[in-house]
Amino acid sequence: MHLSSIRLDSPVNMIVVVVLTLLAIIAVPWFWDRWKRKRLWRSATILLATVLLVLSTGMAGNMIGGFFPTVGSLLGTGSFAGQGTDAEAAENGEDLEKLRDTGVAHARDGKGTVVHMKVTGRRTKITRDVTVYLPPQYFDAAYKDLRFPAIEWIPNYPSGPEVFTSGYHMPEQLDAAIAKRALPPTVVIVPDPTGVPKVGHDTECVDEVNGTANDTYLTADLRDWALHKLGVSQNRRAWTIAGWSSGGYCAMNLVTRHPQWYGQAVSVSGYDKAQVDAETEDLFHGRQDINDANNVRVNVRLHPSPVEILAISGDKESYESFAIDQIRAAARPPVQFSSWRIPDAGHNMNTFKSQIPDVLAWIGAHTTGPAPAGRQTETTGGVLPWPLPHSGARGALSDTDQ
């Protein structure tokens, strides 16, 4: 049994652990006198009760907060990233055309298609898990000559692409938003921002000094790959980076660092600078200039660019709310910065999931819609020109379609 198959969000598993915890606690006084000459057994009973009590408390907090769906996602095993997807593609999506029948069938029900693969960056040579959501219109012949907008969705640490389906339940949200025309048909790319091992290796999506080029992989490499393999638009206004928690920081940082490629960023419960804690490696090795270059507050003040940023925090998230206030105060034109302060239950996934419909609607109002290749319009609000009349199906684009 793989760790990613053990559910932490299962009420049944929670009940089992609670029952075992109660039995273990009862066992301590029950066997105390019987085992007065067996100190090892006494110690084992106390240890077992303590461990189960901690486990049940942790599981209860996890279910309330919705942090991690499985043991694998908690430990960041880096495996089973394709959990909840519709298909597994070859490396770099070389065989995406095999999804045509599946995509057409899903489209009849108004559903997109979710595929998992490994993607190797052309510049960095880094290979990581990537999950891709293809909208229902992706296989519609009426869209064959159009290029789709793209969202790069950065998972929170220590999660990988598996949280997109099993934790965030994003495919259903995307289907609903596209059906309501709150969001244009959009390709969503969900990379692993960390790689393996995950625990103790929070990369914060930056190019580490004398380390891994995470930023370059997540931006230059993945964007270039998506342009060639997924039929997405090269228009910067058609590209949004979004994320929750550490993924929110990544979204704001990467967009303000690369405005030539991205037009919008959405952060839910994100912050303004790379964290320094037990889970984060020494990312900058004392280079304050590189540290500053990855500080959103510094970039929107000293290097403002024509990007739009939405930052959301809960009223109980004091650190994240303070960071957002600092960014807002520092932002200079042509940066367009807006923020929402929402009622919340703290820094947890349930707070994030409650915001998904509004986040997708905001992206839909600020991104461009599907457009012919080569059109570099800077207009916003791409929801009006679609959907086009249905007229059959198409396969995934290849290099020759670009």
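About the criteria used
- Residues numbered from 1 in each chain as written.
- Predicted model: local features only at pLDDT ≥ 70, side-chain atom pairs only at ≥ 80, totals over all residues.
- Heavy atoms only, no water.
- Core = buried A, V, L, I, M, F, W, Y, C linked by side-chain atoms within 4.5 Å.
- Buried < 20%, exposed > 50% of the residue type's maximum accessible area, 1.4 Å probe, protein only.
- Contact = heavy atoms within 4.5 Å.
- Helix = DSSP H or I, 4+ residues; strand = E, 2+ residues; numbered from the N terminus.
- UniProt positions renumbered as here; feature names shortened; annotations may be inferred.
- Salt bridge = Lys/Arg side-chain N within 4 Å of Asp/Glu carboxyl O.
- Patch = residues over 30% accessible without salt bridge, like charges linked within 9 Å, V, L, I, M, F, W, Y side chains within 5 Å.
- Areas by Shrake-Rupley, 256 points an atom, 1.4 Å probe, with all protein chains shown as cover.
- Phe/Tyr/Trp six-rings, centres within 6.5 Å; stacked < 30°, edge-to-face > 60°.
- Pairing = 2+ DSSP bridges.
- Axes fitted to C-alpha atoms, helices over the stretch in contact; angles between N-to-C directions.
- pLDDT = per-residue confidence, 0-100.

A.B. asks: Could you clarify how one ought to interpret the nonpolar core in this entry?
C.D. replies: One recurring pattern in soluble globular proteins is that nonpolar side chains are buried together. Core analysis: the largest hydrophobic core is formed by 57 residues, its most contacted members being Val132, Val187, Trp225, Leu230 and Trp239. With residues near it in sequence (within four places) discarded, valine 132 still touches Thr113, Val114, Val115, Met117, Val187, Val188, Trp225 and Leu230. Formed by 28 residues, the second largest nonpolar core is a distinct cluster that contains Tyr133, Phe164, Leu174 and Leu310.

A.B. asks: Sorry if this is basic, but what is going on with unusual backbone geometry here?
C.D. replies: Backbone phi values are negative for most residues with the exception of glycine, while trans is the configuration of most peptide bonds. The omega torsion across proline 333 and proline 334 is 10°, close enough to zero to call that bond cis. Note on placement: proline 334 falls in the loop between helix 11 (318-330) and strand 10 (336-342). One non-glycine residue, histidine 169, lies in positive phi territory at about 55°. Phi angles above zero are rare outside glycine, and glutamate 204 is one such case at about 55°. Looking at the element boundaries, glutamate 204 is found in the loop between strand 6 (187-191) and helix 7 (214-229).

A.B. asks: Mind showing me how you'd approach the UniProt feature "transmembrane region" (unreviewed entry) in the chain here?
C.D. replies: The positions that UniProt labels "transmembrane region" (unreviewed entry) are, in the present scheme, residues 12-32 and 44-68. Secondary structure over residues 12-32 splits into 100% helix and 0% strand, and the C-alpha atoms at its two ends are 31 Å apart.

A.B. asks: Is there a simple way to think about the pattern of salt bridges in this case?
C.D. replies: Opposite charge on two side chains permits pairing when their charged atoms draw close. In this structure the tally under the stated criterion is 13 salt bridges. Here aspartate 129 makes a salt bridge to lysine 118, at a shortest N to O gap of 3.0 Å. Taken together, the residues span a long stretch of sequence, with aspartate 129 in strand 3 (residues 127-134) and lysine 118 in strand 2 (residues 113-120) at a distance of 11 residues. Here the residues in one salt-bridge network are Asp325, Arg328 and Arg341, joined through shared partners.

A.B. asks: Explain a nonpolar patch on the surface here, please?
C.D. replies: Residues Val12, Ile15, Val16, Val19, Leu20 and Leu23 make up a contiguous nonpolar surface patch of roughly 540 Å² in combined accessible area. Within the fold, leucine 20 resides in helix 1 (residues 11-32).

A.B. asks: Just checking my understanding: could you explain the packing of aromatic side chains for this structure?
C.D. replies: Note on aromatic pairs: each is described by the distance of the centres and the angle between the planes. In the structure shown here, the tally under the stated rule is 9 aromatic pairs. With centroids separated by 5.9 Å and ring planes inclined at 80°, the aromatic side chains of tryptophan 239 and tyrosine 262 adopt a geometry described as edge-to-face. One end of the pair, tryptophan 239, is in strand 7 (residues 239-244); the other, tyrosine 262, is in the loop between helix 8 (246-257) and strand 8 (264-268), with 23 residues separating them in the sequence. Here tryptophan 239 and tyrosine 262 have matching classes, each one buried. Through a chain of ring-to-ring contacts, the aromatic side chains of Tyr138, Phe139, Tyr143 and Phe148 assemble into a single cluster.

A.B. asks: Would you mind showing me how to read the sheet that holds strand 3 here?
C.D. replies: Whether parallel or antiparallel, the strands of a sheet pair through hydrogen bonds between backbone atoms. The strand order across the open sheet formed by 9 strands is 1-2-3-6-5-7-8-9-10, and the pairing between neighbours is mixed. Edge positions in the sheet fall to strand 1 (87-88) and strand 10, since each has one partner strand and no second. Pairing of strand 8 with strand 9 (residues 308-314), which is carried by 5 bridges, proceeds in the parallel orientation. Its bridge partner lying in strand 9, alanine 265 is registered against isoleucine 309. Of the strands in this sheet, strand 5 (150-154), strand 7, strand 8 and strand 9 are in contact with helix 8, which crosses strand 7 at around 155°.

A.B. asks: So what exactly am I meant to see when it comes to the confidence of the model for the chain here?
C.D. replies: In the predicted model, the chain carries a mean pLDDT of 84, and the fraction of residues at 70 or more is 85%. Throughout residues 377-402 the model reports pLDDT below 50, and contacts reaching past four residues in sequence, or to other chains, amount to 82 contacts.

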